[in-house]
Amino acid sequence: MRRLITLSALLAALLFVQLPAGAVDSNLPQATASFNDQVVKVAYNGDTVYSGGLFTRARQTDGTFADRSYLAAVNSRTGALLPFAPALNGTVHELKTGGGYLYVAGKFTEVDGVAMSRIARFNLSTGKLDTAWKPKPSATVYSIEPIGSTVYLGGTFSTVGGHAQPRLAAVNAATGAPVTTFAPAVSEGAVRDLQAGHGRLYVAGVFSMIGGDKKYGKLGAVNPASGAVDTGFVSKVFVLTREVVVSGDRVYAALDGRGGEIRAFTKAGETLWYQAVDGGMQTVEVWGDAVIGGGHFDKACNTNHAGPLGQCVDGVKADRGKLLAVDMNGTLLPWNPGANGVVGAWDATAHPSGANLSVGGSFTTFGGGTMEQKRLAIFD
């Protein structure tokens, strides 16, 4: 018996060493409020996690239901659905918090009966809609990045507030008026994500060029004041890039090709490593000592040696249902929540303190079907 206990302790210790410090603790999420359709984006304000997407109803932890029109809030510590319940008339594609506001963007045109064209913001202290702030983009907004006195927008629009500035624009954080001195040249397609860092604004999506040059397509960087292309970052990415994250002196991106991957870059855009999977990678996040990836994949390469279409050069694949974790060197970690769904995970975002990780998507179960948790999952 003593030998058995010692062996069990050793195995537990080995598992502990493999898990990233201050991050992944359990394969299964908390039991929290859930939703009747996809959660596309999540964002934190303290312990509150906001969810936006395609849903129209929430299921509370006691089994009762409540109306939630494309936008909701949950306590990330307890899993309880919170009273915040604005009425939007269309899909939410983006959520960001900053400067005392929750920024919301997507395809909606009204919020609580007030005309709000595709973007709105709410006061984080009161929960009230800012009815005076109306940037008025002409088409869908997929990404928002609030930085000080400026709010950057990315999407498929051609104008903002009547000012011609396709796909990537900036507005005044106080008034919502276009910042006309910010004039990037992003050609064709759409901007899907924005991230400030290293004195730049990183730009990800399915666009063909920035500044008229194809080598800055899909993933590039611009000067946050002028919008001029930052020639110091050349990523050599040629597929749809869903998300980009800056952490320390590195840049991480979620690439959604025929074989998806997380890719890590230096500040110059040189590839450090990549972790490939058998489906699209749709989100990337740094959580503690781990890099989290999510998408519509089912298997991942056991090593970070992979070909351009996601094929594993070493020939071995590990089961990873829609979510995975790698260490800072790109080595696959054992964390495997085993989520289901065709679309899988759309967005993963870590609590500002690192206390937990929220994931939105189309999934309905975890642990290979052993736990039901629909469209929102919070991991400790």
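Everything below is about the structure printed above this text.
The rules behind each value
Residues numbered from 1 in each chain as written. Predicted model: local features only at pLDDT ≥ 70, side-chain atom pairs only at ≥ 80, totals over all residues. Heavy atoms only, no water. Disulfide = S-S within 2.5 Å. Helix = DSSP H or I, 4+ residues; strand = E, 2+ residues; numbered from the N terminus. Buried < 20%, exposed > 50% of the residue type's maximum accessible area, 1.4 Å probe, protein only. Salt bridge = Lys/Arg side-chain N within 4 Å of Asp/Glu carboxyl O. Pairing = 2+ DSSP bridges. Axes fitted to C-alpha atoms, helices over the stretch in contact; angles between N-to-C directions.

**Some words on the state of the cysteines**
Disulfide: a covalent bond formed between the sulfur atoms of two cysteine residues.
Phase 1: Following the criterion strictly, the structure yields one disulfide and no others.
Phase 2: At a sulfur-sulfur separation of 2.1 Å, the disulfide partner of C301 is C312. With the S-S bond torsion at -95 degrees, the cross-link from C301 to C312 turns out left-handed. In this pair, C301 sits in strand 28 (residues 299–301) while C312 sits in the loop between strand 28 and strand 29 (317–319), placing the two residues eleven residues apart along the sequence. Exposure class is identical for C301 and C312. Each is buried.

**Some thoughts on the pattern of salt bridges**
Phase 1: Evaluation of the coordinates by the stated rule reveals ten salt bridges.
Phase 2: Ionic pairing is found between K41 and E243, a salt bridge with its closest N-O pair at 2.8 Å. Of the two residues, K41 is situated in strand 2 (residues 39–45) and E243 in strand 22 (residues 241–247); the sequence distance between them amounts to 202 residues. There is no split in this pair, since K41 and E243 are both buried.
Phase 3: Of the charged contacts, one joins E145 and K96 as a salt bridge, the two residues approaching to 2.7 Å between their closest N and O atoms. Remark: K96 occurs in strand 7 (residues 92–98) and E145 occurs in strand 12 (residues 141–147); sequence separation between them is 49 residues.
Phase 4: Exposure remark for E145: the relative accessible area of 8% places this residue in the buried category.
Phase 5: Linked by salt bridges that have partners in common, K41, E243 and D347 make up one network.

**Quick look at the sheet that holds strand 32 (residues 357–361)**
Phase 1: The antiparallel open sheet is built from three strands, whose spatial order is 31-32-35. With one partner strand each, in any of the chains shown, strand 31 (345–350) and strand 35 (376–379) form the two edges of the open sheet. Averaged over all neighbouring strand pairs, the angle between strand axes comes to 15 degrees, with direction disregarded.
Phase 2: The sheet contact formed by strand 32 and strand 35 spans four bridges and is antiparallel.

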